[in-house]
Amino acid sequence: MELFLPKIELLALEQQLPSQSGIARARTLVALAWYWRQSNSRQAMYWVEEGERCLQASVEPAQAVEKIRLAARLLLVRAETKQLAAELEVALQMALDAAAQFETCQDMVGLGDAYWLQGQVLEDSGQHGQIKLILDAAQAVYLAAGDKARQDALQARRLTMAVFSDPVAVAAALETFPLDQQGQLPVAFWLSSTRGLCAAMAGDPAASIKHFLRAHEIALDIGQLRRALVAGSNAAESFLRLGDLDTALAMHERDLLLARELGWPVSLGLCLGKIGTAMRQLGRYAEARTFLLESTKQMALLPGSRNQAQIMIDLADLELADGRYASAAQAFTDLAAQLDLKLSPDLLLLVQCSRAAALLKVGHKQAAGEAAMAALGLAATLGDVLGEMKALQVLAQMPDDAGLPYPDDMHEPSLALHYLRRAEALAATIKGYEPAPDLWQQLAAAEAKAGNYKSAYEYGLAAQSAYRKVQTVAVQQRAVAMQVKHELEQAQAETVLHQQAAEALRETTTTLEILGVMGREITACLQAESIFQTLYRHVDQLLDAASFVVFMAEPPPAGMAGPGQLALAYGVEGGEQLEPKILVMDGDSVLARCARDREELLINLESEGSDGASLVPGTLVTLSLLFGPLLAGDRLLGVMSIQSTHPHAYGDRERFIFKALCAYGAIALDNAAAYALTEAAQQQTHAALMELRQMQRDLIEREKLAALGSLVAGVAHELNTPIGNSLLVASTLRDSSQDFLTELAQGGLRKSQLEQYCRSTQESSSLLMRSLEKAAELVSGFKQLAVDQTSDRRRPFSLQQTCEEVALTLAHVLTRAGHSLTMEVDEDLALDSYPGPLGQVISNLIINATLHGFDGRQGGKMRLSAHAQGAQQVLLSFDDDGHGIAAEHLSKIFEPFFTTRLGQGGSGLGLHISYNIVRNLLGGSISVSSRIGRGTHFEILLPLVAPALGEAV
């Protein structure tokens with residue numbers, strides 16, 4: 001945030017508010033309050049209160065530190081408004097609180113600004129001894145923050161403060177101030193003010209005026225009205241020194257009007273004091289006293305300040321000039337005591353000289369001499385040569401009985417002559433300095449009193465010469481004043497022109513910004529009705545439009561030839577909706593003409609005696625009609641029209657806005673049409689996608705059913721042997737039992753036959769039990785495998801057992817195809833995962849190898865192995881020595897519906913399903929490598945514990 005902002009940028013900042021909310025709006029409100037603080041306290045406080053409400057309403061926790069920083073800046077604005085209102089104690093406390101908040105959130109720039117404001121408050125309250133320390137602290141934190149602009153501005157400000165105590169050093173510092181830093185407006189203001197003061201103190205009022213007026217102009221532009229008043233008053237005072245009393249008083253009165261409007265005590269007191277001083281110099285003592293007394297009332301709110309002291313000095317000078325010597329002597333005595341305490345040596349020097357003159361007038365000779373000696377010592381301490389000369393001239397006026405001590409180096413016949421010759425010697429040390437006539441007159445009188453008449457005569461001639469030079473200088477100064485006044489008037493005229501140009505630019509910029517916002521809003525609409533309503537709302541806000549219509553271009557009705565027609569899509573007149581209407585494109589209406597010519601049309605009708613303005617019966621009588629085509633490239637979308645009941649309602653600005661609205665409307669309507677087509681296409685695409693997904697689900701179900709069919713076939717094949725054996729044993733046992741019963745019935749049963757039958761029965765029973773147990777074991781295993789393959793149930797399982805069960809179900813397929821499968825799976829590999837989906841993956845790999853890898857051949861070899869991979873994973877490998885996969889197909893084999901046997905029994909979903917199971921359910925990864933003629937190798941890396949659903953990648 002800058003120290004100050006030019007007016008045009010400040011107005012642009014205000015334009016951002018309508019589109020902002022939350023912390024962004026708070027930032028802008030704080031900036032507005034900060035930049036208005038020295039130009040309009042009421043406006044600044046309005047933004048402060050708005051900013052505080054915005055910060056209180058903000059609930060963004062991530063912006064907590066920034067909210068502290070913004071709140072501290074608002075508090076600093078409050079502090080500065082209190083300072084301007086002369087509530088210095090409150091202002092200082094607020095500035096201290098703001099500094100603490102800035103320090104909390106590590107805002108070094110804000111902390112420096114708070115220190116600077118504290119320095120200003122201390123200056124206003126006359127506590128000069130603490131100002132250097134606080135401004136040093138401000139300079140240090142600006143340096144730490146890397147804010148070069150503020151460092152330069154503060155450095156320039158400190159030069160202005162130092163010019164009263166050491167003008168020579170300040171003048172030298174101005175010469176060395178970096179040129180690249182002087183372009184910044186706050187820096188340029190302080191440097192111009194300082195140069196003006198240096199020129200004024202060096203006796204060059206013409207040069208000082210130019211610097212003061214430059215400072216005044218910059219201060220007005222960046223909103224430093226208090227400083228603008230100071231610079232303006234200083235310029236007026238320089239005009240007064242040039243003898244241009246009219247210009248000086250006019251400028252003082254202008255400043256006084258602004259100061260009364262602002263109501264700031266220090267500014268109002270300053271302007272009143274300056275006018276009072278000007279009146280005193282004109283000899284209008286009564287008027288001067290009125291202004292100065294009113295000024296003292298304002299300055300009473302700033303006790304001990306330099307401004308208050310200056311007004312008190314001016315009032316005491318008025319008493320002295322008006323012959324009220326006793327009152328003047330008492331006023332200067334009181335001021336000397338006060339200023340001595342407040343450490344204002346430059347003002348104290350003026351006070352002591354005037355005090356000595358006043359005391360001498362009332363006959364207090366000894367006190368007058370002491371005051372003059374004090375002034376001489378103070379001037380010597382300050383190195384103020386002109387001050388020393390003035391003090392010496394006052395001392396020369398002291399009578400012999402004033403009790404002044406005789407200096408040791410005195411060689412002149414009298415003290416008066418001694419002091420005056422010292423003043424003459426000092427004048428000679430100032431290059432180009434011409435002593436005033438009063439010094440020569442005093443020397444002539446002193447020499448005559450000492451009997452040195454020749455010297456007195458020569459000094460008298462020098463006095464006459466100096467007087468003539470003064471008159472010449474006065475004439476020259478009046479000429480300079482006229483020239484400066486002319487330059488001032490010319491500059492003011494140029495400023496007015498610049499302001500008018502800036503205002504026109506601002507208005508254009510504002511219009512463009514409004515149109516930009518409107519354009520974004522209009523083109524964001526994707527429904528024709530919303531577009532029409534938005535256009536009408538903006539037309540109603542910005543333009544004088546009693547009637548607003550939009551006709552859309554349409555092809556001719558079916559079966560009819562022609563250029564088409566215009567249909568009323570939206571129409572409002574006098575706030576009422578218009579009835580639908582159709583116009584032929586080749587008709588005589590102005591709307592049809594605008595559509596055919598594709599150009600804007602403006603019609604202005606006269607109000608008197610006009611009966612053609614209302615072109616349609618029952619509609620309003622309109623006098624200004626504006627028509628614009630809605631074009632999207634070379635395509636005509638329609639025509640928009642606005643009409644006003646006032647004559648000549650549409651100038652360049654209105655036509656510019658209307659043309660922009662037509663362009664935005666055309667773009668929005670074209671987008672809406674494209675959106676409608678896109679939406680229809682999206683609906684068709686969505687329906688096709690739903691159909692495709694359903695087909696995919698059906699194919700997946702078919703794959704599952706095929707796997708289940710393979711499982712059933714495997715079950716049948718594996719159960720065939722034990723069940724067949726059981727049937728054979730059972731039939732044999734039945735036959736032997738029948739023979740045994742026959743022998744028993746015939747009574748010819750022998751012991752050996754009984755023993756043989758028992759042995760045979762025992763062996764058959766054993767064989768039958770083994771076969772049935774084998775069948776039961778197979779059924780149990782197949783039952784578990786079927787459950788796993790038709791569900792996604794998670795359970796702990798042995799990897800080896802699952803692999804063997806899958807191989808068992810596919811054994812008949814491999815046997816029939818003439819292929820073999822070997823397994824090397826570690827026995828101790830236990831997983832907490834999904835055995836069914838994993839079995840489906842292994843089954844898909846085996847079937848894929850059988851269908852594709854060994855297509856057209858027998859004797860294929862497959863190998864399934866599994867080994868632990870670290871403590872948390874298992875690596876499952878599947879190899880075949882089949883044909884291999886072409887390199888261009890390797891990157892596609894996991895894609896859905898990719899198959900090289902389309903229409904030959906391949907769905908292209910087997911490996912895609914396997915890929916999804918491994919990645920999305922089992923939480924692993926699957927990769928493939930292959931070379932033509934060398935077979936294919938799959939690697940599946942799985943976690944021993946599958947992730948929870950939704951966590952797999």
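Residues numbered from 1 in each chain as written. Predicted model: local features only at pLDDT ≥ 70, side-chain atom pairs only at ≥ 80, totals over all residues. Heavy atoms only, no water.

## Regarding the overall build of the protein chain
Right, on to step 1. Broken down by element type, the protein chain carries 32 helices and 14 strands.
Right, on to step 2. The 953 residues of the protein chain split such that 44% are buried.
Right, on to step 3. In the protein chain, the proportion of contacts linking residues at least 24 apart, taken out of those at least 6 apart, comes to 63%. (Helix = DSSP H or I, 4+ residues; strand = E, 2+ residues; numbered from the N terminus. Buried < 20%, exposed > 50% of the residue type's maximum accessible area, 1.4 Å probe, protein only. Contact = heavy atoms within 4.5 Å.)

## Section: the sheet that holds strand β11 (residues 861-869)
Right, on to step 1. Sheet architecture is open: 5 strands sit in the order β9-β11-β12-β14-β13, paired in mixed fashion. At either end of the open sheet lies a strand with only one pairing partner, and these are β9 (820-825) and β13 (925-931). Averaged over all adjacent pairs, the angle separating strand axes in this sheet is 15°, with direction ignored.
Right, on to step 2. Docked against the sheet, helix α28 (residues 799-809) engages β9, β11 and β12 (873-880), running at close to 175° with respect to β9.
Right, on to step 3. Along the sheet, helix α32 (residues 910-921) makes contact with β13 and β14 (935-943), crossing β13 at roughly 140°. (Pairing = 2+ DSSP bridges. Axes fitted to C-alpha atoms, helices over the stretch in contact; angles between N-to-C directions.)

## A word on the packing of aromatic side chains
Right, on to step 1. One pass over the full model with this rule turns up 8 aromatic pairs.
Right, on to step 2. Ring geometry for W440 against Y459: centres 6.0 Å apart, planes inclined by 20°, an arrangement best described as stacked. Of this pair, W440 sits in helix α22 (residues 437-449) while Y459 sits in helix α23 (residues 453-524); the two residues are 19 residues apart in sequence, bridging distant segments of the chain. Accessibility assignment for this pair places W440 and Y459 in one class, buried.
Right, on to step 3. Against the face of W34 rests R37, its NZ or CZ located 3.6 Å from the ring centre.
Right, on to step 4. Above the plane of the ring of W34 lies R73, whose end atom (NZ or CZ) is 4.3 Å from the centre. (Phe/Tyr/Trp six-rings, centres within 6.5 Å; stacked < 30°, edge-to-face > 60°. Lys NZ or Arg CZ within 6 Å of the ring centre and 35° of its normal.)

## Some points on the nonpolar core
Right, on to step 1. Counting residues in each nonpolar core, the largest one holds 106 residues, and the members touching the most others are L32, Y35, W47, L76, F102, W116 and L191.
Right, on to step 2. With 10 residues, the top contributor of residues to this core is helix α2 (residues 22-36).
Right, on to step 3. In contact with L76, other than residues within four places in its own chain, are W34, A95, A98, F102, G110, D113, A114 and L117.
Right, on to step 4. Membership of the second largest hydrophobic core comes to 49 residues, among which are A309, L347, M410 and A446. (Core = buried A, V, L, I, M, F, W, Y, C linked by side-chain atoms within 4.5 Å.)

## Regarding a negative patch on the surface
Right, on to step 1. Together, E2, E9, E217 and D221 make up a negatively charged patch on the protein surface.
Right, on to step 2. With respect to the secondary-structure elements, E217 resides in helix α11 (residues 205-222). (Patch = residues over 30% accessible without salt bridge, like charges linked within 9 Å, V, L, I, M, F, W, Y side chains within 5 Å. Areas by Shrake-Rupley, 256 points an atom, 1.4 Å probe, with all protein chains shown as cover. Salt bridge = Lys/Arg side-chain N within 4 Å of Asp/Glu carboxyl O. Lys, Arg positive; Asp, Glu negative; His and termini not counted. Charge placed at Lys NZ, Arg CZ, Asp CG, Glu CD.)

## Details of the environment of L376
Right, on to step 1. With respect to the helices, strands and loops of the structure, L376 is situated in helix α19 (residues 365-382).
Right, on to step 2. On the accessibility criterion, L376 (9% relative accessible area) is buried.
Right, on to step 3. Considered as a pair, L376 and L349 are 27 residues apart in the sequence and their alpha carbons are 8.1 Å apart.

## Brief notes about helix α18 (residues 345-361)
Right, on to step 1. Under the 1.5 Å per step criterion, the end-to-end length of α18 is 24 Å for 17 residues, consistent within 8% with the ideal 24 Å.
Right, on to step 2. When you tally the buried positions in α18, you get 12 out of 17 residues, the bulk of the element.
Right, on to step 3. Within α18 the residues assigned to the buried category are D346, L347, L348, L349, V351, Q352, C353, S354, R355, A356, A358 and L359.
Right, on to step 4. G363 sits one or two positions beyond α18 and adopts a positive phi of about 85°. (Expected span 1.5 Å × (residues − 1).)

## Focus on the environment of L420
Right, on to step 1. Note on placement: L420 falls in helix α21 (residues 415-428).
Right, on to step 2. L420 sits in the buried class, given a relative accessible area of 1%.
Right, on to step 3. Excluding its chain neighbours within four sequence positions, the residues that come into contact with L420 are Q393, A396, L439, Q442, L443 and A446.

## Quick word on helix α13 (residues 245-262)
The periodicity of an α-helix, 3.6 residues per turn, causes residues three or four positions apart to be oriented the same way.
Right, on to step 1. End to end, α13 covers 26 Å across 18 residues, agreeing with the expected 26 Å (1.5 Å per residue, within 8%).
Right, on to step 2. Buried within α13 are the following residues: T247, A248, L249, M251, H252, D255, L256, A259 and L262.
Right, on to step 3. Just beyond α13, the residue with positive phi is G263, at close to 75°.

## Structural notes on a nonpolar patch on the surface
Right, on to step 1. Judged by side-chain polarity, L689, M690, L692 and M695 come together as a nonpolar surface patch covering roughly 330 Å² of accessible area.
Right, on to step 2. Residue placement: L689 occurs in helix α26 (residues 652-746).
Right, on to step 3. You can call L689 partly exposed: its relative accessible area is 33%.

## Observations regarding the pattern of salt bridges
Right, on to step 1. Scanning all chains against the criterion turns up 31 salt bridges.
Right, on to step 2. The closest approach of N and O atoms between E447 and R421, which form a salt bridge, is 2.4 Å. Of this pair, E447 sits in helix α22 while R421 is found in helix α21, placing the two residues 26 residues apart along the sequence.
Right, on to step 3. Taking relative accessible area as the criterion, R421 reaches 29% and is therefore assigned partly exposed.

## A look at unusual backbone geometry
Right, on to step 1. The phi dihedral of R598 is positive, around 55°, even though this residue is not glycine.
Right, on to step 2. Of note, R598 is situated in the loop between α25 (590-597) and β5 (601-604).
Right, on to step 3. For R598, a relative accessible area of 38% translates into the label partly exposed.
Right, on to step 4. One non-glycine residue with positive phi stands out, namely H648, at about 50°.

## Observations regarding the pairing of strand β6 (residues 624-632)
Right, on to step 1. The element β6 is extensively covered by neighbouring structure, given that 8 of its 9 residues are classed as buried.
Right, on to step 2. Across 4 bridges, β5 lies against β6 in antiparallel orientation. By the bridge assignment, I603 is partnered in β6 with L625.
Right, on to step 3. Pairing of β6 with strand β7 (residues 635-644) involves 9 bridges; the strand directions are antiparallel. Residue pairing in the sheet places L625 in a bridge with Q643 of β7.

## Describing the state of the cysteines
Right, on to step 1. Evaluated as defined, the whole model comprises 0 disulfides.
Right, on to step 2. In this structure C594 is a free cysteine whose sulfur lies 7.9 Å from that of C662, the closest cysteine sulfur available. (Disulfide = S-S within 2.5 Å.)

## A few points about the side chain of R157
Right, on to step 1. Mapped onto the fold, R157 is located in helix α8 (residues 148-162).
Right, on to step 2. On the accessibility criterion, R157 (4% relative accessible area) is buried.
Right, on to step 3. R157 has contacts with W116, E123, W190 and R227, leaving out every residue within four places of it along the chain.

## Quick look at the pairing of β7
Right, on to step 1. Across the 10 residues of β7, 9 count as buried, placing the element largely inside the fold.
Right, on to step 2. As paired strands, strand β1 (residues 547-554) and β7 are joined by 6 bridges and run antiparallel to one another. In the sheet register, V549 faces β7, and the bridge partner there is S641.
Right, on to step 3. In sequence, β6 turns back onto β7 through a hairpin of 2 residues, with G633 there showing a positive phi of about 70°.

## Concerning the packing of helix α1 (residues 7-14) against α2
Right, on to step 1. Between α1 and α2, the shortest axis-to-axis distance is 10 Å and the interhelical angle comes to 150°. Looking at the two axes, α1 sits roughly antiparallel to α2. Viewed along their axes, α1 and α2 form a crossing whose handedness is left-handed. Listed contacts from α2 to L10, L13 and E14 of α1 are T28, A31, L32, Y35 and W36.
Right, on to step 2. Here the contact of α1 with α2 is composed, by residue class, of 6 nonpolar, 1 polar and 1 charged. (Parallel < 35°, antiparallel > 145°, perpendicular 65-115°, else oblique. Left-handed = near helix turned anticlockwise from the far one by under 90°. Nonpolar A, V, L, I, M, F, W, Y, C, P; charged D, E, K, R; others polar.)

## Notes on the confidence of the model for the protein chain
Right, on to step 1. Taken residue by residue, the protein chain gives an average pLDDT of 83. The fraction at 70 or more is 86%.
Right, on to step 2. Taken element by element, the protein chain is modelled with least confidence in helix α27 (residues 751-789), mean pLDDT 69, and with most confidence in β12, mean pLDDT 95.
Right, on to step 3. Counted against residues more than four places away or in other chains, residues 609-614, with its pLDDT under 50, gives 9 contacts. (pLDDT = per-residue confidence, 0-100.)

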